[in-house]
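# Inside the fold
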Amino acid sequence: MDRKKWGTYIMGPPAVPTTHPDNQKAALWKTEDKRHDFQSQQPYLVYSPVVKSNSNPLDSVAHVLNSWSNKAETIGRNVWRNLKTGPSVSEAACGKLKLTAKALTEGGFQPLYKQNFATDPNEQLKKTFACYLSTATGPVAGTLYLSSTKVAFCSDRPLSFRAPSGQEAWSYYKVAIPLANIGSVNPVVMRENPSERYIQIVTIDGHDFWFMGLIYFEKAKHHLLETLSHFRGQPYGGY
């Protein structure tokens, strides 16, 4: 398996796909301390520092498989869809299994979403999509969340960055964009290669985010545009 398809493990700012060659490749896959600078220049980035575990990932995989054998088809579909997202196959599989199992045990992705992001009391999660986020250091594999108030993204695994002390640190890569701050949602299909498709989200204050590798591109496009239209109180034209 091509290691590049596992996605980058180094944190970088959101960027247009042409910034890094692997970003454009990820659109076809189907699914120094710069941290302070990222946060000051990108108000939609959210950081969740974590301690990197040294435990054996195979123990977690076995536990999940034993606990959720009756959910094997569902788990397997989610694992293999983004198996390429870790620094090793076992870690990638472990991460996907734990994410799916956690969602199942906690009643779906709604509780998991509320655990990862600050939410309003009446906010409801509408849809989730496996995808990549284009960054300056390459594609970040994760999940795109669409709720009644925001569009959010969380990486499948922690990414590496340099702390002010100079030590290596790890954080989940999160983006949270209130619907009120979205200026436009632009589906982009490259004319020279129609298989290369993106969904660009541009904010009213000039930030843009490119999501790619969406297995359900048409469905994601439909729900994003529909939700934004309803939020603005406008009729949805089915674009």
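Our subject is the structure listed above.
First, a word on what this report is: a plain description of the structure on this page. Worth saying up front: this structure is predicted, and the values here are computed from it rather than measured.

### Overview of the overall build of the protein
Check the secondary structure of the protein and you find 7 helices and 9 strands. For the protein, the proportion of its 239 residues judged to be buried stands at 47%. Total accessible area computed for the protein in this model is approximately 11,700 Å², and 52% of it derives from carbon and sulfur atoms.

### Things to note about the packing of aromatic side chains
For the structure on display, the rule yields 5 aromatic pairs. Consider the rings of Tyr113 and Tyr145, whose centres lie 5.4 Å apart with planes at 35°: the pair is tilted. Of the two residues, Tyr113 sits in helix α6 (residues 109-116) while Tyr145 sits in strand β3 (residues 140-147), which places them 32 residues apart along the sequence. Under the relative-accessibility criterion, Tyr113 is labelled buried at 1%. Accessibility expressed as a relative area gives 1% for Tyr145, which makes it buried. Taking the centre distance of 5.9 Å and the plane angle of 50° together, the rings of Phe153 and Phe211 count as tilted. Of this pair, Phe153 sits in strand β4 (residues 150-155) while Phe211 sits in strand β9 (residues 208-212), and the two are 58 residues apart along the sequence. The class of Phe211 is buried, set by a relative accessible area of 2%. Ring-pair connections join several aromatic residues into one group, and the members of that group are Tyr113, Phe117 and Tyr145. Looking at Lys174, its charged tip hangs above the ring of Phe117, at a distance of 5.6 Å from the centre.

### Overview of the nonpolar core
Residues Val175 and Phe211 are the most contacted members of the largest nonpolar core, which totals 31 residues. Looking at this core, the element that brings in the most residues is helix α7 (residues 217-231), giving 5 residues. Filtering out sequence-adjacent residues up to four positions away, Val175 remains in contact with Tyr44, Leu45, Phe117, Leu133, Val151, Ala152, Phe153 and Phe209.

### Remarks on α6
What α6 keeps buried is the set Gln110, Leu112, Tyr113 and Asn116. The arc that holds every buried residue of α6, seen down its axis, measures 165°, which confines them to one face.

### Looking at the pattern of salt bridges
Within this structure, the stated rule accounts for 4 salt bridges. The shortest N-O distance in the salt bridge between Lys150 and Glu123 comes to 3.1 Å. Placement of the pair is Lys150 in strand β4 and Glu123 in the loop between α6 and β2 (125-133), with a sequence separation of 27 residues. Glu218 is paired through a salt bridge with Lys221; the nearest N and O atoms lie 3.0 Å apart. Here the residue Glu218 and the residue Lys221 both occupy positions in helix α7, the gap between them amounting to 3 residues, near one helical turn. By relative accessible area, which is 45% here, Glu218 ends up partly exposed.

### Thoughts on α7
With 15 residues, α7 ought to run about 21 Å at 1.5 Å a step, and its terminal C-alpha atoms sit 21 Å apart, in line with that. For α7, the full list of buried residues reads Phe217, Ala220, Lys221, His223, Leu224, Leu225, Thr227, Leu228 and Ser229. On the buried face of α7, the contacting elements are β2, β3, β4, β7 (182-189) and β8 (197-203). Of the residues flanking the end of α7, it is Gly233, one or two places downstream, whose phi is positive at about 75°.

### What about the environment of Phe217?
Checked against the element boundaries, Phe217 lands in helix α7. Residues Phe217 and Cys131 lie 86 residues apart in sequence; the distance between their C-alpha atoms is 9.4 Å.

### Regarding the side chain of Ser147
On the secondary structure map, Ser147 appears in strand β3. For Ser147, a relative accessible area of 0% corresponds to the buried category. Among the polar contacts listed, one links the side chain of Ser147 to the backbone nitrogen of Thr149, at a separation of 3.1 Å.

### Quick notes on the pairing of strand β5 (residues 159-162)
Inspection of the sheet shows β5 paired to strand β6 (residues 168-178) by 4 bridges, in the antiparallel sense. From the neighbouring strand, Arg162 faces β6, where its bridge partner is Glu168. Between β5 and β6, which pair antiparallel and follow one another directly, the connecting turn spans 5 residues, one of which, Gly166, has a positive phi of 95°.

Basis of the calculations
- Residues numbered from 1 in each chain as written.
- Predicted model: local features only at pLDDT ≥ 70, side-chain atom pairs only at ≥ 80, totals over all residues.
- Heavy atoms only, no water.
- Helix = DSSP H or I, 4+ residues; strand = E, 2+ residues; numbered from the N terminus.
- Buried < 20%, exposed > 50% of the residue type's maximum accessible area, 1.4 Å probe, protein only.
- Areas by Shrake-Rupley, 256 points an atom, 1.4 Å probe, with all protein chains shown as cover.
- Phe/Tyr/Trp six-rings, centres within 6.5 Å; stacked < 30°, edge-to-face > 60°.
- Lys NZ or Arg CZ within 6 Å of the ring centre and 35° of its normal.
- Core = buried A, V, L, I, M, F, W, Y, C linked by side-chain atoms within 4.5 Å.
- Contact = heavy atoms within 4.5 Å.
- Arc of directions from axis to C-beta.
- Salt bridge = Lys/Arg side-chain N within 4 Å of Asp/Glu carboxyl O.
- Expected span 1.5 Å × (residues − 1).
- Polar contact = N/O pair within 3.5 Å; in protein donor to acceptor, adjacent residues only side chain to side chain.
- Pairing = 2+ DSSP bridges.

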